[in-house]
Amino acid sequence: MSRIGKRPITVPAKVQVTIDGTKVLVKGPKGELSRDLPTHVTVSQEGETLQVNRRDDSRTSRQMHGLCRTLVANMVEGVSTGFQRRLEIQGVGYRAQVQGRNLVMNMGYSHQVQIAPPDGIQFAVENNTNVIVSGYDKEVVGNTAAKIRAVRPPEPYKGKGIRYAGEAVRRKAGKTGKSKK
């Protein structure tokens with residue numbers, strides 16, 4: 001049995017969960033999320049806990065059990081506390097700033113790169129080089145951070161570019177000087 005799927009999900013007092021068949025709706029102070037779960041799993045609520053169970057022991061039910069439990073837990077956590085991803089910009093002249101809601105970055109191109117946030121996402125910039133992407137939907141936060149990183153991924157020779165906070169970039173040795181024949 002799935003170890004992750006067996007764990008109950010604790011629902012905070014300020015979060016309201018509505019279960020309608022396979023559809024789960026979660027409302028909280030940060031926002032509102034809904035998701036249609038596959039028919040292989042069922043969600044039940046007992047008091048302040050949610051339990052995700054599978055309908056049978058088929059292979060697909062076992063595969064979906066832990067996944068669906070994690071998706072529902074992320075929904076509950078997102079509407080109560082939210083998620084954030086931190087990105088670091090490294091390189092001479094590389095910097096970012098927030099103009100209105102948009103993120104504007106100077107990344108060594110002939111033009112500035114502007115990224116508009118999707119619904120429910122906020123950008124914050126610290127020291128012109130640290131970008132914080134925050135929101136209540138973990139999937140959208142991660143995808144938005146990946147799009148920002150894709151503007152200038154870290155290169156292996158000098159390490160310049162945009163990386164996740166704490167990401168280790170493998171460095172390569174550069175070319176050596178001329179050798180004698």
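Per chain, residues are indexed from 1 in the order of the written sequence. Whole-chain, interface and lining totals are the exception, using all residues; otherwise, since this is a predicted model, local features are given only for residues with pLDDT of at least 70 and side-chain atom pairs are given and counted only at 80 or more. Hydrogen atoms and water are omitted, and side-chain values are computed over all heavy atoms in the structure.

### Some points on the overall build of the protein
Phase 1: Only DSSP runs of H or I reaching four residues or more are called helices, and only runs of E reaching two or more are called strands; each is numbered from the N terminus. Secondary structure assignment for the protein yields three helices and 13 strands.
Phase 2: Here the C-alpha atoms of the protein give a radius of gyration of 22 Å, more than 25% beyond the 16 Å that 2.2 N^0.38 yields for 181 residues.
Phase 3: The dimensions of the protein, computed from C-alpha atoms along their principal axes, are 75 × 50 × 20 Å.
Phase 4: Between buried and exposed lies partly exposed: a residue is buried under 20% and exposed over 50% of the maximum accessible area for its type, with that area taken using a 1.4 Å probe on protein chains only. Residue burial in the protein is summarised as follows: out of 181 residues, 35% are buried.
Phase 5: In this description, contact between two residues means that some pair of their heavy atoms is separated by no more than 4.5 Å. Of the contacts formed within the protein by residues at least 6 apart in sequence, a portion of 50% connects residues at least 24 apart.
Phase 6: Accessible surface area values rest on a Shrake-Rupley calculation with a 1.4 Å probe, where residue burial reflects the displayed protein chains alone. Accessible surface, the protein: about 11,300 Å² in total, of which carbon and sulfur atoms supply 47%.
Phase 7: His residues and chain termini do not enter the charge count, which takes Lys and Arg as positive and Asp and Glu as negative. Charged groups are reduced to one reference atom each: NZ for lysine, CZ for arginine, CG for aspartic acid, CD for glutamic acid. Of the side-chain charges in the protein, 31 are positive and 15 negative, and the distance between the mean point of each set is 15 Å. Only the C-alpha atoms count toward the radius of gyration. The rule for a globule is 2.2 Å times the residue count to the power 0.38.

### Topic: the pattern of salt bridges
In a structure, side chains of opposite charge can pair up when their charged atoms sit close to one another.
Phase 1: Salt bridge criterion: a side-chain nitrogen from Lys or Arg within 4 Å of a carboxyl oxygen from Asp or Glu. Applying the stated criterion to the full structure yields four salt bridges.
Phase 2: Note that glutamate 139 and arginine 35 form a salt bridge whose closest N and O atoms lie 3.4 Å from each other. Of the two residues, glutamate 139 sits in helix 3 (residues 138–151) while arginine 35 sits in strand 4 (residues 32–36), which places them 104 residues apart along the sequence.
Phase 3: Residue class for glutamate 139 comes out partly exposed when judged on its relative accessible area of 48%.

### A look at the nonpolar core
It is characteristic of soluble globular proteins that their nonpolar side chains tend to be buried jointly.
Phase 1: Here, nonpolar core refers to any group of buried Ala, Val, Leu, Ile, Met, Phe, Trp, Tyr and Cys residues whose side-chain atoms link them within 4.5 Å. Judged by nonpolar contacts, the single largest core of 19 residues is most densely connected at Leu87, Met105, Val133, Ile148 and Ile162.
Phase 2: Of all the secondary structure elements, the ones that give two or more residues to this core are strand 7 (83–90), strand 9 (102–106), strand 10 (113–115), strand 11 (121–126), strand 12 (130–135), helix 3 and strand 13 (161–164).
Phase 3: When residues in this core are grouped by element, the largest group, four residues, is from helix 3.
Phase 4: If near-sequence neighbours (up to four positions away) are discounted, isoleucine 148 is found in contact with Leu87, Leu103, Met105, Ile115, Phe123, Val133 and Ile162.
Phase 5: By size, the runner-up hydrophobic cluster in this structure holds 18 residues, among which are Val15, Val26, Val72 and Ala73.

### Here we look at the sheet that holds strand 4
Phase 1: For two strands to be treated as a pair, DSSP must find no fewer than two bridges joining them. In space, the three strands of this open sheet follow the order 2-3-4, with antiparallel pairing throughout. Pairing within the sheet leaves two strands with one partner each, and these edge strands are strand 2 (16–20) and strand 4. Adjacent strand axes in the sheet meet at a mean angle of 10 degrees when their direction is disregarded.
Phase 2: Pairing between strand 2 and strand 3 (residues 23–27): five bridges, direction antiparallel. Bridge assignment links threonine 18 to a residue of strand 3, and that residue is leucine 25.
Phase 3: Note on geometry: axes are C-alpha line fits, over the in-contact stretch for helices, and angles between N-to-C directions span 0 to 180 degrees. Lying over the sheet, helix 2 (residues 59–80) contacts strand 3 and strand 4, oriented at roughly 170 degrees with respect to strand 4.

### Some points on the pairing of strand 13
Phase 1: Alternating residues of strand 13 divide into Gly161 and Arg163 and Ile162 and Tyr164, and every residue in both groups is buried.
Phase 2: Of the strand pairs in this sheet, strand 7 and strand 13 are connected by four bridges, and their pairing is antiparallel. Considered in strand 13, the bridge of isoleucine 89 is made with isoleucine 162.

### Here we look at the sheet that holds strand 1 (residues 9–10)
Phase 1: Taking strand neighbours across the sheet as the criterion, the three strands line up as 1-6-5 in an open arrangement whose pairing is antiparallel. Only two strands of the sheet have a single neighbouring strand rather than two, namely strand 1 and strand 5 (41–46).
Phase 2: Where strand 1 meets strand 6 (residues 49–54), two bridges bridge the pair, whose relative direction is antiparallel. Note on strand 6: the bridge partner recorded for threonine 10 is threonine 49.
Phase 3: Packing against the sheet, helix 2 makes contact with strand 1, strand 5 and strand 6, and its axis sits at approximately 160 degrees to strand 6.

### A look at the environment of alanine 116
Phase 1: With respect to the helices and strands, alanine 116 occurs in the loop between strand 10 and strand 11.
Phase 2: C-alpha separation for the pair alanine 116 and valine 92, spaced 24 residues apart in sequence, amounts to 24 Å.

Coordinates in, geometry out; function isn't part of it.
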